[in-house]
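Tertiary structure, described
Spelled out from the first residue to the last, the chains are:
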Amino acid sequence: MGGGGSGGGSGGGDSGGGTTTPGSGGVVNATILVKAGETFDGGGKRFIANKDTLGDGSQGEGQKPVFKLEDGAKLRNVVLGAPAADGIHTYGNVTLENIVWEDIGEDALTIKKSGTVVLNGGSAKNGDDKVFQINAASTFRVSNFKAENAGKFIRQNGGTDFKVDVFIDRCDISKMKESIFRTDSSSSSVTMTNTRYRDIGKELFMGVSSSKITTSNNTQY
Ligand code: ADA
Ligand code: CA
Ligand code: CA
């Protein structure tokens, strides 16, 4: 696959999200760019990175993303199979719906440029370190998402002091070796609501000022 713009697969289901249909989106040889304001609906198909051109999904930095989302882009109904290289990169205000990472690559998604990133629905598992990586001041809203077996669910890039506001709602987060959200920034905040969590190795929120933590109706199981 290469460069393919809007549209994507048209597999069944359509609006409503939450479902995936079998089928292959193919091996992605070049990052799929979803341009400003466009929507890419993967129709529940599985997209796999070409390990030679994008990356093998190891912990090597500098791998390329399978999807690059510009400001105003939307990505829906996508399964990322292994290898997932550097996953998904976002640049600005981006909406994602029903995204499944079957085996997290270097990381699953990176916020590369400031904006509000909204991810609703899907799952991610088996990462060596981060699930979500935040490299620019931003608001990140993740809901109805299940994450299992990684180092941390969300990491603001180490040593940075920009402000990130994280909202976690109706998620299921388990087997994180370190934490749910880790930051080195005293201005960053986290709000976690209606979420189930289990087996979080160190602290739920590492480095977050206590005055910047809001929690309600969460359950440890
Ligand atoms: C590590 C690395 C950063 C950046 C980040 C990422 O934290 O130190 O420079 O590459 O991973 O975006 O994956
Ligand atoms: Ca990394
Ligand atoms: Ca990365």
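The sections below set out a description of the structure shown in this document. (Residues numbered from 1 in each chain as written. Chains lettered and ligands numbered in written order. Predicted model: local features only at pLDDT ≥ 70, side-chain atom pairs only at ≥ 80, totals over all residues. Heavy atoms only, no water.)

Overview of the pattern of salt bridges
Applicable threshold: The term salt bridge refers to a pairing of a side-chain nitrogen on Lys or Arg with a carboxyl oxygen on Asp or Glu at a separation within 4 Å. Helix numbers and strand numbers start at the N terminus; a helix is a DSSP run of H or I with at least 4 residues, a strand a run of E with at least 2. The classification of residues rests on relative accessible area computed with a 1.4 Å probe and restricted to protein chains. Under 20% of the type maximum is buried, over 50% is exposed, and intermediate values are partly exposed.
A full pass over the atoms with the stated rule returns twelve salt bridges. Linking R76 and E97 is a salt bridge whose minimum nitrogen-to-oxygen distance equals 3.3 Å. You can see R76 sitting in strand β5 (residues 74-80) and its partner E97 sitting in strand β7 (residues 94-101), a full 21 residues away along the chain. The class for E97 is partly exposed, based on a relative accessible area of 24%. Across the pair K152 and E178 runs a salt bridge, and its minimum N-O distance is 3.1 Å. Taken together, the residues span a long stretch of sequence, with K152 in strand β11 (residues 138-156) and E178 in strand β13 (residues 172-182) at a distance of 26 residues. The pair K152 / E178 is uniform in exposure class, with both members buried. Taken together, the shared-partner salt bridges connect D129, K152, E178 and R182 into one network.

Some words on the coordination of the calcium ion (ligand 3)
In plain terms, the rule: Coordinating donors are taken as N, O and S atoms within 2.8 Å of the metal, stretched to 3.2 Å for Na, K and Ca; because water is absent from the atoms, sites can appear incomplete. For four-coordinate sites, all angles between 85 and 135 degrees define a tetrahedron; for four- and six-coordinate sites, opposite donors beyond 155 degrees with the remaining angles between 65 and 115 define square planar and octahedral shapes respectively, and all other cases count as irregular.
Coordination of the calcium ion (ligand 3) by the protein is provided by D86 (OD), D86 (OD), E106 (OE), D107 (OD) and D107 (OD), with metal-donor distances spanning 2.3 to 3.0 Å. One way to put it: the six donor atoms around the calcium ion (ligand 3) meet at angles of 47 to 166 degrees, and that makes the site irregular. Sequence spacing among the residues donating to the calcium ion (ligand 3) works out to D-x19-E-D. In this model, the calcium ion (ligand 3) sits 3.6 Å from the calcium ion (ligand 2), the two metals being bridged by E106.

Notes on the site of ligand 1
In plain terms, the rule: A cutoff of 4 Å decides nearness: a residue is near a molecule or strand if any of its heavy atoms lies inside that distance of it. Here a polar contact is taken to be a pair of N or O atoms separated by no more than 3.5 Å, where protein atoms must pair a possible hydrogen donor with a possible acceptor and residues adjacent in sequence count only if both atoms sit in side chains. Working definition of accessibility: Shrake-Rupley area with a 1.4 Å probe, residue cover restricted to the visible protein chains.
Contacts to ligand 1 come from E61, E106, D107, K130, Q133, N135 and N157. A distance of 3.1 Å separates an oxygen atom of ligand 1 from a polar side-chain atom of D107. Within the side chain of N157, a nitrogen or oxygen atom sits 3.4 Å from an oxygen atom of ligand 1. For ligand 1, whose unbound accessible area comes to 320 Å², protein coverage reaches 60%.

By themselves, these figures tell us nothing about what the structure is for.
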